[in-house]
Amino acid sequence: MTINILSIFPEMFESVFSASILGRAREQGLLDIRLTDIRPYSASKHKNTDDYPFGGGAGMVMMAQPIMDAMADVSAAYPGARRIYLGPRGKKLTTALARELALEKDLILLCGHYEGVDQRALDACVDEEISIGDYILTGGELAAMVLTDCVARFIPGVLGSSDSPEEESFSDGLLEYPQYTRPRELNGMEVPEVLLNGDHAKIRAWRRYQSLKATLLHRPDLLETAPLDEKDLKLLDEIRKEMNQICSSEN
Ligand code: 4GY
């Protein structure tokens, strides 16, 4: 898959896309990330990419012309690519959306900056807007990195063959269970006994219980949509009872 990113700050991406799992994925040719600097596309003498907003107000607006010309170039090289603008008005980035985007052959990500982008550029050359959350960044670059990272995990081979994205938080609609590594004892804090004795059925059950407990405690909203079986519902009842006991014993 090729992810094209259009930005006036392409240098922001280098270290994030070179380190760790994304760096390895690129070296292995599983993911091709191409950065396009919007500035050289500016037709103005000083290669400006922003201008004052019509109607007044604070800050600057990214001009349509450089973006439209950059997008035309990249779109011609990647016909059929989904063209995405990163902004807080978009549909929320979720595991489901990331999984869907990972099936695409190519993506083009447009990063805005300052007060935003001239609406005509968005109308003319973006297919959809995606938001990584309800907050305002100084630019779309960090959001493009988040989207790229999140999508990359669902490209086959990007995570080692042993660690599957299906085993992680949210892929089963629940929060992750706690993890431990060596040493077995650290300043008097022990690793839970069940993880040490190699009884894999017991370990699976313990982890499920912990996932359900963490979700009930921190994100009860997720329990409304998570696929739960009879056993899970029983466990949840148990956990609720335990929690009630702890609460009532505090008084
Ligand atoms: N939230 N999700 C986001 C963002 C920066 C000014 C409009 C977000 O995706 N992008 O906050 N982007 C702003 C910067 C123009 C986009």
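What counts as what
- The numbers attached to residues start from 1 for each chain and follow its sequence in the written order.
- With the structure being a predicted model, the display of local features is reserved for residues of pLDDT at least 70 and the display and counting of side-chain atom pairs for 80 or more, all residues being used for whole-chain, interface and lining totals.
- Based on all heavy atoms of the structure, the side-chain values leave hydrogens and waters out of the count.
- Comment: elements are numbered from the N terminus, with helices defined as DSSP H or I runs of at least four residues and strands as E runs of at least two.
- The reference for a compact globule is 2.2 Å times residues^0.38; the radius of gyration itself is calculated from the C-alpha atoms.
- Categorising residues by exposure relies on relative accessible area from a 1.4 Å probe, with only protein chains included: less than 20% of the type maximum marks a residue as buried, more than 50% marks it as exposed, and the intermediate range marks it as partly exposed.
- Residue contacts are defined here by distance: any two heavy atoms, one from each residue, within 4.5 Å place the two residues in contact.
- Residue exposure ignores everything except the shown protein chains as possible cover, and the areas themselves are Shrake-Rupley values with a 1.4 Å probe.
- Within this scheme the basic residues Lys and Arg register as positive and the acidic residues Asp and Glu register as negative, but His and the chain ends are omitted.
- Each charge is placed at NZ for Lys, CZ for Arg, CG for Asp and CD for Glu.
- At least two DSSP bridges between two strands are needed for those strands to be called paired.
- Axis geometry follows a simple rule: fit a line to the C-alpha atoms, using only the stretch in contact for helices, then measure angles between N-to-C directions, giving values from 0 to 180 degrees.
- Being near a molecule or strand, for a residue, means having at least one of its heavy atoms within 4 Å of it.
- What qualifies as a polar contact is a pair of N or O atoms within 3.5 Å, subject to a donor-acceptor requirement within protein and to the restriction that residues adjacent in sequence count only when both atoms come from side chains.
- Amino acids are sorted into nonpolar (Ala, Val, Leu, Ile, Met, Phe, Trp, Tyr, Cys and Pro), charged (Asp, Glu, Lys and Arg) and polar (every other residue, Gly among them).
- Pairing of aromatic side chains requires ring centres within 6.5 Å, counting the rings of Phe and Tyr and the six-membered ring of Trp. Pairs whose planes differ by under 30 degrees are stacked, by over 60 edge-to-face, and all others tilted.
- Any Lys NZ or Arg CZ found within 6 Å of a ring centre and within 35 degrees of that ring's normal is scored as a charge over the ring.
- For this document, the term salt bridge refers to a Lys or Arg side-chain nitrogen within 4 Å of an Asp or Glu carboxyl oxygen.

Visitor: Explain the overall build of the protein here, please?
Guide: Looking only at helices and strands, the protein has eight helices and nine strands in total. Taken against the 2.2 N^0.38 rule, which gives 18 Å for 251 residues, the C-alpha radius of gyration of the protein at 23 Å runs more than 25% over that of a compact globule. Projected onto the principal axes, the alpha-carbon positions of the protein cover approximately 70 × 45 × 40 Å. When each of the 251 residues of the protein is scored for burial, the buried share is 40%. For the protein, the share of sequence-separated contacts (at least 6 apart) that also reach a separation of at least 24 residues comes to 74%. Here the protein displays about 14900 Å² of accessible surface, and carbon together with sulfur accounts for 53% of that area. Averaged over its 27 positive side-chain charges, the protein has a centre that lies 3 Å from the centre of its 40 negative ones.

Visitor: Looking at this model, I keep getting lost on the sheet that holds strand S5 (residues 82–92). Mind explaining?
Guide: Strand-to-strand pairing in sheets goes through backbone hydrogen bonds, with the strands running parallel or antiparallel. With parallel pairing, five strands are arranged side by side in an open sheet as S2-S1-S6-S5-S7. With partners counted over all chains shown, the strands left at the sheet margins are strand S2 (32–37) and strand S7 (128–131), one partner each. Between one strand axis and the next, the sheet turns through 35° on average, direction left out of account. Summarising the sheet, strand S1 (residues 2–7) and S2 pair through six bridges and their orientation is parallel. Directly across from Ser7, in S2, lies its bridge partner Asp37. Most of the contacts of helix H6 (residues 141–152) go to strand S6 (residues 106–111), to which it runs at about 155°, and overall it touches S1, S2, S5, S6 and S7.

Visitor: Just to check I follow, could you spell out the site of the ligand for this structure?
Guide: Around the ligand sit 17 residues in total, of which Tyr114, Ile132, Gly133, Tyr135 and Leu137 are the nearest. In the environment of the ligand, an oxygen atom lies 2.9 Å from a nitrogen or oxygen atom belonging to the backbone of Leu137. Bound to the protein, the ligand loses 95% of the 390 Å² it would expose on its own. Mapped by element, the contributors of at least two residues to the shell around the ligand are S5 and S7. Looking at which element gives the most residues to the shell around the ligand, the answer is S5, with four residues. Looking at the shell around the ligand residue by residue, the classes come out as 10 nonpolar, seven polar and no charged.

Visitor: What is the right way to look at the packing of aromatic side chains in this model?
Guide: When we look at a pair of aromatic rings, we describe it by the centre distance and by the angle of the planes. Scanning all chains against the criterion turns up one aromatic pair. The lysine or arginine in question, Arg153, covers the ring of Phe154, its NZ or CZ lying 5.7 Å from the ring centre.

Visitor: What exactly am I supposed to notice about the environment of Lys92 here?
Guide: Assignment of secondary structure puts Lys92 in strand S5. Every residue in contact with Lys92, bar those within four places of it in the chain, is listed here: Leu97, Ser131, Gly133 and Asp134. Within the local environment of Lys92, its side chain forms a polar contact with the side chain of Asp134, the two groups lying 3.4 Å apart.

Visitor: Would you take a moment to explain the pattern of salt bridges for this structure?
Guide: It is possible for side chains bearing opposite charge to pair when their charged atoms get close. Evaluated as defined, the whole model comprises 14 salt bridges. For Arg89, the salt bridge identified is with Glu129, shortest N-O distance 3.6 Å. With Arg89 in strand S5 and Glu129 in strand S7, this residue pair connects regions lying 40 residues apart in the sequence. According to the relative accessible area criterion, Arg89 is exposed, its value standing at 59%. Sharing partners across several salt bridges, the network here consists of Arg82, Lys91, Glu100, Glu104 and Glu128.

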